[in-house]
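Given next are the chains, with one letter for each unit.
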Amino acid sequence: SDRAAFLEAIREELSNVTQWAAPTVNNGVVVSLDSGSAWTLTDTCYITGLTLADGAVLKAAGGKRLSMTVDGVETPVQSGAYIGKIVLSVS
């Protein structure tokens with residue numbers, strides 16, 4: 001039917017979306033790691049909230065360096081809660 005062909009075309013179009021990391025604008029991204037969690041970053045991430053419990057691991061992949069800024073201020077990656085424009089950079 002025409003409806004089935006239309007729905008199939010929409011499904012195919014929606015599946016062909018490529019997204020790139022970019023600073024958050026309208027929708028925040030909040031990440032929370034408990035004491036048994038680990039997050040290994042492979043590239044720059046933009047988030048608006050980060051909570052790291054004691055024992056949580058946040059690191060860069062492949063022996064690279066991870067740095068974090070909160071609202072543009074270099075901030076040590078350690079346990080605690082952070083809110084703002086957070087950039088996690090891998091270099």
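**Points about the overall build of the protein**
Alright, step 1. Scanning the protein from terminus to terminus reveals one helix and seven strands.
Alright, step 2. If you list the helices and strands of the protein from N to C, you get α-β-β-β-β-β-β-β.
Alright, step 3. For 91 residues, the compact-globule formula gives about 12 Å, and the C-alpha radius of gyration of the protein, at 18 Å, lies well above that figure.
Alright, step 4. Overall, the protein is about 60 × 25 × 25 Å in size when its C-alpha atoms are taken along their principal axes.
Alright, step 5. In the protein, the proportion of contacts linking residues at least 24 apart, taken out of those at least 6 apart, comes to 39%.

**Some remarks on the sheet that holds strand E5 (residues 66–70)**
Alright, step 1. With mixed pairing, the five strands of this open sheet are ordered in space as E1-E3-E7-E5-E6. Two strands in the sheet have a free side with no partner beyond their single neighbour: strand E1 (30–33) and strand E6 (73–75). Strand-to-strand twist of the sheet, defined as the mean angle between neighbouring strand axes without regard to direction, takes the value 45°.

**Notes on a nonpolar patch on the surface**
Alright, step 1. On the surface, a nonpolar cluster with roughly 270 Å² of combined accessible area is contributed by Phe-6, Leu-7 and Ile-10.
Alright, step 2. By the secondary structure assignment, Leu-7 is in helix H1 (residues 2–14).

**Re the pairing of E1**
Alright, step 1. Covered by surrounding structure in E1 are Val-31 and Leu-33 only, the residues Val-30 and Ser-32 on the alternate face being uncovered.
Alright, step 2. Sheet analysis places E1 next to strand E3 (residues 45–52), joined by four bridges and oriented parallel. Considered in E3, the bridge of Ser-32 is made with Thr-51.

**Some words on the nonpolar core**
Alright, step 1. Leu-50, Leu-58, Leu-66, Met-68, Ile-86 and Leu-88 are the most contacted members of the largest nonpolar core, which totals 15 residues.
Alright, step 2. Counting residues per element, this core draws most heavily on strand E7 (residues 80–90), at four residues.
Alright, step 3. Not counting residues up to four positions away in its chain, the partners in contact with Leu-88 are Trp-39, Leu-41, Asp-43, Thr-44, Cys-45, Ile-47, Leu-58, Leu-66, Ser-67 and Met-68.

**Brief notes about the confidence of the model for the protein**
Alright, step 1. Chain-level statistics for the protein give a pLDDT mean of 89 and a share of 91% at 70 or above.
Alright, step 2. When the elements of the protein are averaged for pLDDT, H1 gives the smallest value, 78, and E6 the largest, 98.

**Considerations on the side chain of Ser-67**
Alright, step 1. By secondary structure assignment, the location of Ser-67 is in strand E5.
Alright, step 2. Residue classification places Ser-67 among the buried residues on the basis of a relative accessible area of 12%.
Alright, step 3. The residues touching Ser-67, leaving out its near neighbours within four places in the chain, are Glu-74, Val-87, Leu-88 and Ser-89.

**A short note on the environment of Thr-48**
Alright, step 1. Inspection of the secondary structure puts Thr-48 in strand E3.
Alright, step 2. Contact partners of Thr-48, with chain neighbours within four places excluded, come to Thr-24, Gly-28, Val-29, Val-30, Tyr-82, Ile-83, Gly-84 and Ile-86.

Parameters and conventions
Residues numbered from 1 in each chain as written. Predicted model: local features only at pLDDT ≥ 70, side-chain atom pairs only at ≥ 80, totals over all residues. Heavy atoms only, no water. Helix = DSSP H or I, 4+ residues; strand = E, 2+ residues; numbered from the N terminus. Rg over C-alpha atoms; globule rule 2.2 N^0.38 Å. Contact = heavy atoms within 4.5 Å. Pairing = 2+ DSSP bridges. Axes fitted to C-alpha atoms, helices over the stretch in contact; angles between N-to-C directions. Patch = residues over 30% accessible without salt bridge, like charges linked within 9 Å, V, L, I, M, F, W, Y side chains within 5 Å. Areas by Shrake-Rupley, 256 points an atom, 1.4 Å probe, with all protein chains shown as cover. Salt bridge = Lys/Arg side-chain N within 4 Å of Asp/Glu carboxyl O. Buried < 20%, exposed > 50% of the residue type's maximum accessible area, 1.4 Å probe, protein only. Core = buried A, V, L, I, M, F, W, Y, C linked by side-chain atoms within 4.5 Å. pLDDT = per-residue confidence, 0-100.

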